[in-house]
Amino acid sequence: MIESFALADLGQVLDAFWRGSLGTSSAFFSGTLVRAIPLALVGIGLSIAFRAGVFNIGGEGQLLLGATAATFVGLYASALGPIAVVAALVAAGIAGAAWATVAAYLRDRFGVFEVVSTIMLNFIAVNLVSYLVRGPLQEPTRVYPQTEIIPFGARLPHLWPGTRLHAGAIIAIVAAVASWWFLSRTAAGFRIRAAGASPTVSRTTGRVRVDRVTFGAFVASGALAGLAGGIEVSGVTYALYENLSPGYGFSAIAVAILARLRPLAVLLAALLFATLETGALGMQRDAGVPSVVALALEAAIILAVVGVSGGFRDAPWRTWRASGATVAR
Amino acid sequence: MSEVAPLLEAAVRTATPLLIAAAGETVAERAGVINIGLEGCIIAGAYAAFAVGAVTTAAGYAAAIAAGLGVGVLLAVFSVALRRDQIIVGTALTMLALGVTGTLFRMGGATALVVATQPATRLPGLSEIPLIGAAFFAQPAITYVAFGLVPAVWWFLQRTHSGLSLRAVGDAPIAARAAGVRVSAVQASAVLFGSGLGGLAGGALVLAQAGTFAEGMSAGRGFLAIAIVALGRWRPAGVAIASLVFGAAMALQFVVQALGWRVRYELALMIPYVLTLTALGALGKGVAPATLGRTVIDQ
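Residues numbered from 1 in each chain as written. Chains lettered and ligands numbered in written order. Predicted model: local features only at pLDDT ≥ 70, side-chain atom pairs only at ≥ 80, totals over all residues. Heavy atoms only, no water.

**Topic: the overall build of chain B**
This is how it is decided: We count a stretch as a helix when DSSP gives it H or I for four or more residues in a row; a strand needs E for two or more, and each element gets its number in order from the N terminus. We take the radius of gyration over the C-alpha atoms and set the globule estimate at 2.2 Å times the residue count to the 0.38 power. A 1.4 Å probe rolled over the protein chains alone gives each residue an accessible area, and that area as a share of the maximum for its type sets the label: buried under 20%, exposed over 50%, partly exposed in between. Surface exposure here means Shrake-Rupley accessible area, sampled with a 1.4 Å probe, where a residue is shielded only by the protein chains that are shown.
Summing up its helical and strand segments, chain B has 12 helices and two strands in all. Listing every helix and strand of chain B by position from the N terminus yields α-α-α-α-β-α-β-α-α-α-α-α-α-α. Its C-alpha atoms give chain B a radius of gyration of 19 Å, within 12% of the compact-globule value 19 Å for 299 residues. With respect to the principal axes defined by its C-alpha atoms, chain B has extents near 60 × 45 × 40 Å. Looking at the 299 residues of chain B, the share that counts as buried comes to 56%. With an accessible surface of roughly 11,200 Å², chain B has 70% of that area assigned to carbon and sulfur atoms.

Quick look at the structure:
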């Protein structure tokens, strides 16, 4: 197999990448742009959390909880008619926020390191979805491990007829602009940045309640991840099933890092990573290159950014409390 | 009672790779470095053991350690030498190892290659003890290595000069430096030790349990090992107990199935994670190395 990837095949591989990601309008609008939406939303949330010095790597679990909540509301609140989709997305944001709150509370109250707790919560969320789609929420024929299809009222409209690009794209752009404005132009945003950059100084000024600020940033990042999950259900899948997310919560970490935690830059980074991923799927389809190679490429990009940029070595990272470690208050 | 002995046996077997990885991670974290790339070390070790394990089992384990070290070198370069954020670098390394091993596995044709698994080594006499004999004394050789690591790591950390220096680096790096300890060298060594054992854990997964490789077969064990180190309060004995508890919690799912209890399989799978969260909350604030995860220690 490996010998067959001679230089002559490289053109074929690159061509497959191009056609899979950007080369055709259907690949771009129905594939790449659609995939960039959850990456962007989770990435924006993570940028806020990381800025506050909270290492939330539970985006995947929060997204799955959001997807679950949106499906639930979509299936059982169809009486709401056209506003069902709004209710579904609000529920998704609340569910993601609630899932993050578990970790935020454990960190705040018991000093449990959020990297560990959010990873545990990811595992629990994955198993919870498995349980629901094989148990109480399974579709009525009980054949497939998925829920029923949500009604039209709970779906996001498509932006362009004939493509799969849905209104979630607008939500992502609005979220990016709002987060940029919030972080860089408001007092609350400044408090988040200050709490992350130096909690000691922030505390000493007496004007920043560091614990409350970091808690809020943690929960907000969960809400955005949950919203991403809800949008994925109401805009793309129309049902809940296992492997609904191909690791959006993890790729979004890389997206946030590549964007250097700036919400507007997150949009571009999400587009780049979505291109990589849909391109890799194209390579797998047409040139026999495993799509998982995208994961290695994303990792290489993070290492390059982190290695070259000279950032990511001190604030706003250095201040988290390790599990059980006490920090002078 | 007839279920207890198989449960114990499954618990010890499940705990083995977790304990190996967690013992290494304990050393790295006591030096102040958290290795989120441990998951990557494990999958790299598993793939290497799979690729080489058909030659001899020993060669498989050697390759597994080497693969873990390969990941560890990157962590040492980025997070110790260049002082980049440990969690970002570790996350990237896990993604890198999952991506590279997955690609290699599929490009290699994904043949149904199976490597021989280590047979159980029954310790004469001890393995006849009722209830616990089969669980602790009739296991593959790697399990004895895993439990041998516990006193070895304790001895190193608590009873040797190097161990004292290492703990000093994690708790008070500036003081350690003033006392003439080469902080970065100690941290790099600790990272390499931990990632080498992470690789070995992956090797154990393939050579003592699965007998084959599957994409992503590490299945979160690296992250579990990190949780186990925190549960074990950064002490080797505590880590060993936490590994066994975790192993038992994971083995419970087999028992639940075997007994035909009316508990959903997916819910049983959640038990270890819920247990960990609850236990971490209950244990509360404690004894983490003071500068764990800090990248810049000069100020």
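Here the narrative resumes.
**Observations regarding the overall build of chain A**
Going by this rule: The criterion used for residue contact is that any of the two residues' heavy atoms lie within 4.5 Å.
Looking only at helices and strands, chain A has 12 helices and zero strands in total. Mapped in sequence order, the helices and strands of chain A form the string α-α-α-α-α-α-α-α-α-α-α-α. A compact globule built from 329 residues would reach a C-alpha radius of gyration of about 20 Å, and chain A, at 20 Å, matches this within 12%. Projected onto the principal axes, the alpha-carbon positions of chain A cover approximately 60 × 55 × 35 Å. Within chain A, contacts between residues separated by at least 24 positions form 74% of all contacts whose residues are at least 6 apart in sequence.

**A look at the layout of surface pockets**
Test applied: In this analysis, the protein atoms alone were mapped onto a 1 Å grid. Cavities are point sets where a 1.4 Å probe fits without being able to get out; pockets are open sets with protein on both sides within 12 Å along at least five of seven lines; lining residues have an atom within 4 Å of a point. Grid points are joined across faces, edges and corners, and a volume is the space filled by probe spheres set on the points. Classes in brief: Ala, Val, Leu, Ile, Met, Phe, Trp, Tyr, Cys and Pro nonpolar; Asp, Glu, Lys and Arg charged; the others, Gly included, polar.
Taken as a whole, the largest pocket encloses approximately 1,400 Å³ of empty space. What lines the largest pocket is a set of 41 residues, among which Pro246, Gly247, Phe250 and Leu295 of chain A together with Leu98 of chain B lie closest to the centre. Of all the secondary structure elements, the ones that give two or more residues to the lining of the largest pocket are helix 3 (59-76), helix 5 (114-134), helix 10 (248-258), helix 11 (263-287) and helix 12 (293-309) of chain A together with helix 4 (86-107) of chain B. Here the element with the most residues in the lining of the largest pocket is helix 4 of chain B; it accounts for seven residues. Here the lining of the largest pocket is composed, by residue class, of 19 nonpolar, 14 polar and eight charged. Taken together, 19 residues make up the lining of the second largest pocket; nearest its centre are Arg221, Met250, Gln253, Leu269 and Tyr273 of chain B. Listed by contribution, the elements that provide at least two residues to the lining of the second largest pocket are helix 5 of chain A together with helix 1 (4-30), helix 10 (221-231), helix 11 (236-259) and helix 12 (265-283) of chain B.

**Points about helix 12 of chain A**
Keep this limit in mind: A helix is expected to span 1.5 Å multiplied by its residue count minus one.
For helix 12 of chain A, spanning 17 residues, the distance from its first C-alpha to its last is 24 Å, which sits close to the expected 24 Å at 1.5 Å a residue. If you check which residues of helix 12 of chain A are buried, you get Val293, Ala294, Ala296, Glu298, Ala299, Ile302, Leu303, Val305 and Val306 of chain A. Along its buried surface, helix 12 of chain A packs onto helix 10 and helix 11 of chain A together with helix 3 (57-81) and helix 4 of chain B.

**Quick look at helix 4 (residues 84-110) of chain A**
End to end, helix 4 of chain A covers 38 Å across 27 residues, agreeing with the expected 39 Å (1.5 Å per residue, within 8%). One or two steps after helix 4 of chain A, the chain reaches Gly111 of chain A, where phi turns positive at roughly 70°.

**Topic: a nonpolar patch on the surface**
Just so we agree on the cut-off: A residue counts toward a patch only above 30% relative accessible area and without a salt bridge, and it is joined to like-charged neighbours within 9 Å or, for Val, Leu, Ile, Met, Phe, Trp and Tyr, to nonpolar neighbours within 5 Å. Any Lys or Arg side-chain nitrogen found within 4 Å of a carboxyl oxygen on Asp or Glu counts as a salt bridge.
A cluster of nonpolar side chains, namely Leu80, Ile83, Val86, Val90 and Ile94 of chain A, defines an oily patch on the protein surface of about 450 Å² accessible area. Checked against the element boundaries, Val86 of chain A lands in helix 4.

**Some words on the packing of helix 1 of chain B against helix 10 of chain B**
Two quantities define a packed helix pair, namely the angle between the helix axes and the distance between the axes. All names here are of chain B. So the rule is basically this: Working convention: axes come from line fits to C-alpha atoms, limited for helices to the stretch in contact. Angles between N-to-C directions cover 0 to 180 degrees. When describing relative orientation, an angle under 35 degrees is termed roughly parallel and one over 145 degrees roughly antiparallel, while 65 to 115 degrees is termed roughly perpendicular and anything else oblique. Note on convention: the crossing is left-handed when the near helix lies turned anticlockwise from the far helix by less than a right angle, right-handed when the turn is clockwise.
Following both chains from N to C, one finds helix 1 and helix 10 inclined at 60°, their axes separated by 8 Å at the closest point. The pairing of helix 1 with helix 10 is recorded here as oblique in orientation. For the element pair helix 1 and helix 10, the recorded crossing hand is right-handed. On the side of helix 1, the interface is formed by Leu18, Ala21, Ala22, Glu25, Thr26 and Glu29, while helix 10 contributes Arg221, Leu224, Ala225, Ile226, Ile228 and Val229. Looking at the contact of helix 1 with helix 10 residue by residue, the class counts come to eight nonpolar, one polar and three charged.

**Some details on the packing of aromatic side chains**
Spelled out, the test is: In this scheme Phe, Tyr and Trp rings, the latter by its six-membered ring, pair at centre separations within 6.5 Å, and the angle between planes marks the pair as stacked below 30 degrees, edge-to-face above 60, and tilted otherwise.
Inspection of the entire model under this criterion finds nine aromatic pairs over all chains. Note on Phe50 of chain A and Phe55 of chain A: the rings are 4.4 Å apart at their centroids and 25° apart in plane angle, and the pair reads as stacked. Since its relative accessible area comes to 2%, Phe55 of chain A is described here as buried. Each ring, one from Phe50 of chain B and one from Phe105 of chain B, has its centre 5.9 Å from the other, and the planes form 70°; the classification is edge-to-face.

**Topic: the packing of helix 10 of chain B against helix 11 of chain B**
Residue and element names in this part refer to chain B. Running from N to C, helix 10 and helix 11 point in directions that differ by 130°, and their axes come no closer than 8 Å. Regarding the angle of helix 10 to helix 11, the classification is oblique. The crossing of helix 10 and helix 11 is right-handed. Listed contacts from helix 11 to Leu224, Ile228, Val229 and Leu231 of helix 10 are Val239, Ala242, Ser243, Phe246 and Met250.

**So, the side chain of Ser179 of chain A**
Residue position: Ser179 of chain A is located in helix 6 (residues 168-185). Apart from residues lying up to four places away in sequence, Ser179 of chain A is in contact with Ile44, Ile48 and Pro263 of chain A.

**Focus: the environment of Phe147 of chain B**
All names here are of chain B. With respect to the helices and strands, the residue Phe147 is situated in helix 6 (residues 141-159). Taking C-alpha positions, Phe147 is 21 Å from Asn35, a pair spaced 112 residues apart along the chain. The residues touching Phe147, leaving out its near neighbours within four places in the chain, are Val12, Leu19 and Leu244.

**Concerning the nonpolar core**
Going by this rule: The set of buried Ala, Val, Leu, Ile, Met, Phe, Trp, Tyr and Cys residues whose side-chain atoms join them within 4.5 Å is what this entry labels a nonpolar core.
One finds Leu41 and Phe50 of chain A together with Ile20 of chain B to be the most contacted residues of the largest nonpolar core, which totals 172 residues. Not counting residues within four places of it along the chain, the set of residues in contact with Ile20 of chain B comprises Ile142, Ala146, Leu149, Leu197, Leu200, Ala201 and Ala204 of chain B. Listed in part, the 11 residues of the second largest apolar core include Val153, Leu166, Val183 and Ala190 of chain B.

**Concerning the side chain of Arg30 of chain B**
We count it as follows: Two residue types count as positive, namely Lys and Arg, and two as negative, namely Asp and Glu; His and chain ends fall outside the count.
Tracing the backbone through its elements, the reader meets Arg30 of chain B in helix 1. No salt bridge is formed by the buried Arg30 of chain B; its nearest oppositely charged neighbour, Asp171 of chain B, is found at 5.4 Å.

**Considering the pattern of salt bridges**
Residues and elements named next belong to chain A. Counting across every chain of the model gives seven salt bridges over all chains. Notably, a salt bridge pairs Arg134 with Glu242, separated by 2.8 Å at the nearest N-O pair. Pair noted here: Arg134 is in helix 5 and Glu242 is in the loop between helix 9 (210-237) and helix 10, with a separation of 108 residues, a long-range link. Salt bridges here are not isolated pairs; linked through shared partners, they connect Asp15, Arg19 and Asp286.

**What to know about the environment of Ile94 of chain A**
Of note, Ile94 of chain A is situated in helix 4. Residue class for Ile94 of chain A comes out exposed when judged on its relative accessible area of 54%.

**Some points on the confidence of the model for chain B**
Residue and element names in this part refer to chain B. Operational definition: Along the chain, pLDDT gives the predictor's confidence residue by residue, from 0 to 100.
Averaged over all residues, the pLDDT of chain B equals 87, while 92% of them reach at least 70. Element-level mean pLDDT values for chain B span from 72 in helix 5 (residues 133-137) up to 95 in helix 9 (residues 183-210). Under the prediction, the complex receives an ipTM of 0.87, its pTM being 0.89.

**Some points on unusual backbone geometry**
With a phi angle near 60°, Arg142 of chain A is a residue other than glycine that sits in the positive phi range. Topologically, Arg142 of chain A is positioned in the loop between helix 5 and helix 6. Arg142 of chain A sits in the partly exposed class, given a relative accessible area of 47%. Unlike most non-glycine residues, Arg233 of chain B shows phi in positive territory, near 55°. Looking at the element boundaries, Arg233 of chain B is found in the loop between helix 10 and helix 11.

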